[in-house]
Amino acid sequence: MDNYHIHPLEPLRFPLVARFYKTHYPPGKPKKDEHIWVIEGPSGLCGAVRFQQRPDYQLLTGMLLHPDLRGTGLSHRLLNAVQETLCQRTSFCLAFRPLATLYAQHGFTPVDHQVLPDDLAARLDRYCQSGKDLVAMEYSPKA
């Protein structure tokens, strides 16, 4: 596992990330204005996490690992690598329920719908009405 490198995405390499999402998670379309971190290994790009910037917060969204690498600990390494980014401003994520424990291990705690900024609460409502089982979580830096 030492052959993996985590770093912010260079803007010229955006098409590579867009293709990665299209191949492995088509609904998660990255946008050029997002802050994107990637993890690369011997065979190239194998994971990414995106941060959407809002006026009063950021949303960790679209964390994706290559299906063959899930369960290897790389998601933990990726979340550890972005801790400084998470600490820069109020950070939320809308986690698929089975992944809530993973995010909790990295400083996220479930929050009530009422705590969310209005636009994020509306987004959560839309996602849940479409059948997605999500947990709203806020990042709380470890003391």
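All values derive from a computational prediction rather than experimental measurement. (Residues numbered from 1 in each chain as written. Predicted model: local features only at pLDDT ≥ 70, side-chain atom pairs only at ≥ 80, totals over all residues. Heavy atoms only, no water.)

### Topic: the overall build of the chain
Stated formally: Each helix is a run of H or I in the DSSP string that is no shorter than four residues. Each strand is a run of E no shorter than two, and both are numbered from the N terminus. We compute the radius of gyration from the C-alpha atoms alone; for a globule the expected value is 2.2 Å times N to the 0.38, where N is the number of residues. Remark: exposure states derive from per-residue accessible area (1.4 Å probe, protein chains only) relative to the maximum for the residue type, with buried under 20%, exposed over 50%, and partly exposed in between. Computed by Shrake-Rupley with a 1.4 Å probe, the accessible areas treat only the displayed protein chains as cover when residues are assessed. Positive charges are assigned to Lys and Arg, negative charges to Asp and Glu, while His and the chain termini are left out of the count. To locate a charge, take atom NZ for lysine, CZ for arginine, CG for aspartate or CD for glutamate.
Scanning the chain for helices and strands turns up five helices and seven strands. Helices and strands appear in the chain in the N-to-C order β-α-β-β-β-α-α-β-α-β-α-β. Radius of gyration (C-alpha) of the chain: 15 Å, near the 15 Å computed for a compact globule of 143 residues. Principal axes of the C-alpha set define a box for the chain whose edges measure 45 × 35 × 30 Å. Across the 143 residues in the chain, those meeting the buried criterion constitute 45%. Put simply, the chain shows about 8,100 Å² of open surface, and 53% of that area lies on carbon and sulfur atoms. Considering the chain, the positive charge centre built from 16 side chains and the negative charge centre built from 14 side chains are found 7 Å apart.

### Things to note about the pairing of strand 3 (residues 44–53)
Convention followed: For two strands to be treated as a pair, DSSP must find no fewer than two bridges joining them.
Most of strand 3 is tucked away: eight of the 10 residues are buried. As consecutive antiparallel partners, strand 2 (residues 35–41) and strand 3 are separated by two residues. Note: strand 3 against strand 4 (residues 58–65), six bridges, orientation antiparallel. Across the sheet, the residue bridging to Gln52 is Leu59, located in strand 4. Counted along the chain from strand 3 to the antiparallel partner strand 4, the turn is four residues long.

### Topic: the packing of aromatic side chains
The condition is simple: For Phe, Tyr and Trp, rings pair up if their centres lie within 6.5 Å, where Trp contributes its six-membered ring, and each pair is then called stacked (planes under 30 degrees apart), edge-to-face (over 60) or tilted (otherwise).
Using the criterion set out here, one finds four aromatic pairs in the structure. Plain terms: the ring middles of Tyr103 and Phe108 are 5.7 Å apart, the flat faces sit at 85° to each other, and that makes the pair edge-to-face. We classify Tyr103 as buried; its relative accessible area is 5%. On the accessibility criterion, Phe108 (1% relative accessible area) is buried. Considering the side-chain rings of Phe108 and Tyr139, the 5.5 Å spacing of their centres and the 65° angle between planes classify their relative orientation as edge-to-face. Of the two residues, Phe108 sits in strand 6 (residues 108–110) while Tyr139 sits in strand 7 (residues 134–139), which places them 31 residues apart along the sequence. Put simply, the rings of Tyr103, Phe108 and Tyr139 pair up and form one aromatic cluster.

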